[in-house]
Amino acid sequence: PENVLFGADGLARVADLGVASDSEGASLTKTGALVGTPRYMAPEQARGEQVTPAADLYAVGLMLYEMISGKHPCPARGLAETLTWHVSGDLPRLEGPLGTVIGSAMAKAPGERPASALSFRDELKRALSKRSGRVPSRSGGVAGPSSSDIPRLSRGQLVAALAVGAFAALAL
């Protein structure tokens, strides 16, 4: 999405989180207003329900799907159709271990998504190590996978995917 920016250091940063709250959890946005970026909105958010960190994992799952496949998983056009898709539309799937992990983050029900950003990050690392046949390094990344280790995933997309996953882990 347009609000994920890459710095000169190559790290991804989210410029606008879309939902504001103070340190006590009180909303700083208008009650009853639709807040967020519709293309990356979790089903519970689209229904106007309380948003938890699971909604962030849903958005990260959508972003990773888009980075790897080259297209957003939602075929809908327009606001109403997009929100309906998030709530009840069919989810496309990517193949392999990485696709399974990303699909888990895009689950319609918050309780079916990874338990935390840290566990999602760890699942991503395991999936990447299965695809590359390499084990995670001590620094926390996957030790040296090349772009040929993961079909349709360029080195830049891999870096972006790991950066977004790392951001999610730090943000929650």
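About the thresholds
Every chain begins its residue count from 1, and numbering advances along the sequence as written. Restriction of local features to residues with pLDDT of at least 70 applies here, the model being predicted, together with a cutoff of 80 or more for giving and counting side-chain atom pairs; totals for whole chains, interfaces and linings are based on all residues. In computing side-chain values, all of the structure's heavy atoms are included and hydrogens and water are not. Each helix is a run of H or I in the DSSP string that is no shorter than four residues. Each strand is a run of E no shorter than two, and both are numbered from the N terminus. Three labels apply to residues, based on accessible area from a 1.4 Å probe with only protein chains included: buried if under 20% of the type maximum, exposed if over 50%, partly exposed otherwise in between. Residue contacts follow a heavy-atom distance rule, with two residues in contact if any of their heavy atoms lie within 4.5 Å. All accessibility values rest on the Shrake-Rupley procedure with a 1.4 Å probe; residue burial counts only the protein chains present in the view. In this scheme Phe, Tyr and Trp rings, the latter by its six-membered ring, pair at centre separations within 6.5 Å, and the angle between planes marks the pair as stacked below 30 degrees, edge-to-face above 60, and tilted otherwise. Criterion for a charge above a ring: Lys NZ or Arg CZ within 6 Å of the ring centre, and within 35 degrees of the ring normal. Note on terminology: a nonpolar core comprises buried Ala, Val, Leu, Ile, Met, Phe, Trp, Tyr and Cys residues joined through side-chain atoms within 4.5 Å. Definition of a polar contact: a pair of N or O atoms within 3.5 Å, with one able to donate and the other able to accept a hydrogen when the atoms are protein atoms, and with sequence-neighbouring residues admitted only if both atoms are side-chain atoms. Salt bridges are defined as contacts in which a side-chain nitrogen from Lys or Arg sits within 4 Å of a carboxyl oxygen from Asp or Glu. Confidence of the predictor at the level of single residues is given by pLDDT, which spans 0 to 100. For every element, the axis is a line fit to its C-alpha atoms; helices are fit only across the contacting stretch, and the angle between N-to-C directions ranges from 0 to 180 degrees. Crossing chirality is assigned from the near helix's rotation relative to the far helix, an anticlockwise turn below a right angle marking it left-handed and a clockwise turn marking it right-handed.

1. Let's talk about the overall build of the protein
Along the backbone of the protein there are 6 helices and 2 strands. For the protein, the N- to C-terminal ordering of α and β elements is β-β-α-α-α-α-α-α. Out of the 172 residues belonging to the protein, those deemed buried represent 39%. In the protein, once contacts between residues fewer than 6 apart in sequence are set aside, the share between residues at least 24 apart is 48%. With the model as given, the accessible surface of the protein reaches about 9500 Å², and the carbon-plus-sulfur share is 55%.

2. A look at the packing of aromatic side chains
If you walk through the whole model with that rule in mind, you get 0 aromatic pairs. In this structure, Lys 108 packs its charged tip against the face of Trp 85, placed 4.4 Å from the ring centre.

3. Some details on the nonpolar core
Counting residues in hydrophobic clusters, the biggest one holds 30 residues, and the most contacted among them are Leu 64, Trp 85, Leu 98, Ile 102, Met 106, Phe 120 and Leu 124. Residue assignment for this core shows that the elements contributing at least two residues are helix 2 (53-69), helix 4 (96-105) and helix 5 (117-132). Examining the composition of this core, we find that 11 residues originate from one element, helix 2, more than from any other. Sequence-distant contacts of Trp 85, defined by excluding residues within four places in its chain, comprise Tyr 58, Leu 62, Pro 73, Cys 74, Pro 75, Ala 76, Asp 90, Leu 91, Pro 92 and Lys 108.

4. Points about the environment of Glu 49
The topology assignment puts Glu 49 in the loop between helix 1 (43-46) and helix 2. Of note is the side chain of Glu 49, whose polar atom sits 2.9 Å from the side chain of Arg 47.

5. Focus: helix 4
Of all the 10 residues making up helix 4, 7 are buried; the element is thus mostly covered by neighbouring parts of the structure. Restricting attention to buried positions, one finds in helix 4 the residues Leu 98, Gly 99, Val 101, Ile 102, Gly 103, Ser 104 and Ala 105.

6. Topic: the side chain of Thr 82
Position of Thr 82 among the secondary structure elements: in helix 3 (residues 79-88). Those residues in contact with Thr 82, other than ones at most four positions away along the chain, are Pro 38, Arg 39, Cys 74, Ala 76 and Arg 77.

7. Brief notes about the pattern of salt bridges
Per the stated rule, a full pass over the model turns up 3 salt bridges. Note that Arg 113 and Glu 44 form a salt bridge whose closest N and O atoms lie 2.8 Å from each other. Linking Arg 113 in the loop between helix 4 and helix 5 with Glu 44 in helix 1, this pair joins segments that are 69 residues apart in sequence. Taking the shortest distance from any N to any O, the salt bridge between Asp 122 and Arg 121 comes out at 3.1 Å. Residue classification places Arg 121 among the partly exposed residues on the basis of a relative accessible area of 29%.

8. Brief notes about the confidence of the model for the protein
Parts of the prediction with low pLDDT should not have their coordinates interpreted in detail. Per-chain confidence: the protein averages 75 in pLDDT, with 62% of residues scoring 70 or above. Segment residues 19-31 is flagged for pLDDT under 50; beyond a separation of four residues in sequence, or across chains, it makes 11 contacts in the model. A low-confidence stretch, residues 134-151 stays under pLDDT 50, and its non-local contacts, those more than four residues away or across chains, total 34 contacts.

9. Quick word on the side chain of His 72
With respect to the secondary-structure elements, His 72 resides in the loop between helix 2 and helix 3. With a relative accessible area of 10%, His 72 lands in the buried category. Of the polar contacts made by the side chain of His 72, one reaches the backbone oxygen of Arg 39; its length is 2.8 Å.

10. Section: the packing of helix 2 against helix 4
For the pair helix 2 and helix 4, the least separation of the axes is 7 Å and the interaxial angle reads 145 degrees. Of the two possible hands of crossing, helix 2 and helix 4 adopt the one that is left-handed. Residues Leu 57, Tyr 58, Gly 61, Leu 64, Tyr 65 and Ile 68 of helix 2 pack against Leu 98, Ile 102 and Ala 105 of helix 4.

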